[in-house]
Amino acid sequence: MMSRSIESQVSEGDDHLCSLYELGAPLSTYKVKPIVVYLMGGCSLLVIGVGMSIPLLILFSTLVERQRTSGDGTFPVFLVMYGFLSLLMVSTGFFLLLWELPRVQKQRVIVCDHGLLKITYTYRSKQVTVLYWQDILTIEKWYSRYEIIKRGYETFTLDIFYQHIGDMVALIKRLSGIREE
């Protein structure tokens, strides 16, 4: 049975997945680092703020243009460009804030007795990737990720955006029997 601390981190659905894939009891859960979530939220709000400030630039530039041309009746094309840019930025910011941020927050890796689950989310569905310890050949560190080479030379990628990634990889190496380099 699970310990108290891991029990609070693993949902009933995740526990069911561990049982379904015969991975044994969950040992540890790793989520995306809070700084990644904060940066993503901050950037989303910044994009929305800049996008919403563009209409003020449009208003100011329209007043300046009318003053300069003294109202000759022509429609400045740059106003359409600014308006489109504003709409694009606000839409992108809200997309990041309302869809991408919650998707990233729900990603996690659950390390179990006999393997691990990597749970990610796409636009419409939940993706579960299972890796059994006996299938691991080697683990290679790249600049911003760890590549786990499985039997059949398929790769399983772990990004550095997960909390305690070094500890997670050390635990994976220990449980899979791979020697430290």
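Everything in this summary refers to the structure shown in the same document. Remember, predicted model here, so these are calculated numbers, not experimental data.

### Thoughts on the layout of surface pockets
Roughly 160 Å³ of internal volume is contained in the largest pocket. Of the residues in the lining of the largest pocket, the class split is six nonpolar, one polar and one charged.

### Considering the sheet that holds strand E5 (residues 136–141)
Read from one edge of the open sheet, three strands run E5-E6-E7, paired in antiparallel fashion. One side of each edge strand has no neighbouring strand; the edge strands of this open sheet are E5 and strand E7 (155–159). Adjacent strand axes in the sheet meet at a mean angle of 20° when their direction is disregarded. Bridging between E5 and strand E6 (residues 145–150) involves five bridges; their strand directions are antiparallel. Looking at E6, one finds that lysine 141 is bridged to tyrosine 146.

### Side note on the pairing of strand E2 (residues 108–112)
Burial runs high along E2: five of the five residues are buried. Where burial is concerned, the two faces of E2 agree: the one with Arg108, Ile110 and Cys112 and the one with Val109 and Val111 are both buried. Pairing geometry for E2 and strand E3 (residues 115–121), over four bridges, is antiparallel. For isoleucine 110, the partnering residue across the bridge sits in E3 and is leucine 117. Between E2 and E3, which pair antiparallel one after the other, the connecting turn spans two residues.

### Some words on the nonpolar core
Among the nonpolar cores identified, the biggest contains 25 residues, and Val109, Ile136, Ile139, Ile148, Leu158, Met168 and Ile172 are the most heavily contacted of them. Broken down by secondary-structure element, the contributors of at least two residues to this core are helix H3 (34–69), helix H4 (77–106), E2, E5, E6, E7 and helix H5 (165–176). For this core, the leading source of residues is H5, giving five residues. If sequence neighbours within four positions are ignored, isoleucine 136 has contacts with Leu131, Ile148, Ile149, Ile172, Ser176 and Ile178. Listed in part, the nine residues of the second largest apolar core include Cys18, Ile110, Ile119 and Val130.

What counts, and where the lines are drawn
Residues numbered from 1 in each chain as written. Predicted model: local features only at pLDDT ≥ 70, side-chain atom pairs only at ≥ 80, totals over all residues. Heavy atoms only, no water. 1 Å grid on protein atoms, 1.4 Å probe; cavity = no way out; pocket = protein on both sides within 12 Å on 5 of 7 lines; lining within 4 Å. Points joined across faces, edges and corners; volume = space filled by probe spheres on them. Nonpolar A, V, L, I, M, F, W, Y, C, P; charged D, E, K, R; others polar. Pairing = 2+ DSSP bridges. Helix = DSSP H or I, 4+ residues; strand = E, 2+ residues; numbered from the N terminus. Axes fitted to C-alpha atoms, helices over the stretch in contact; angles between N-to-C directions. Buried < 20%, exposed > 50% of the residue type's maximum accessible area, 1.4 Å probe, protein only. Core = buried A, V, L, I, M, F, W, Y, C linked by side-chain atoms within 4.5 Å. Contact = heavy atoms within 4.5 Å.

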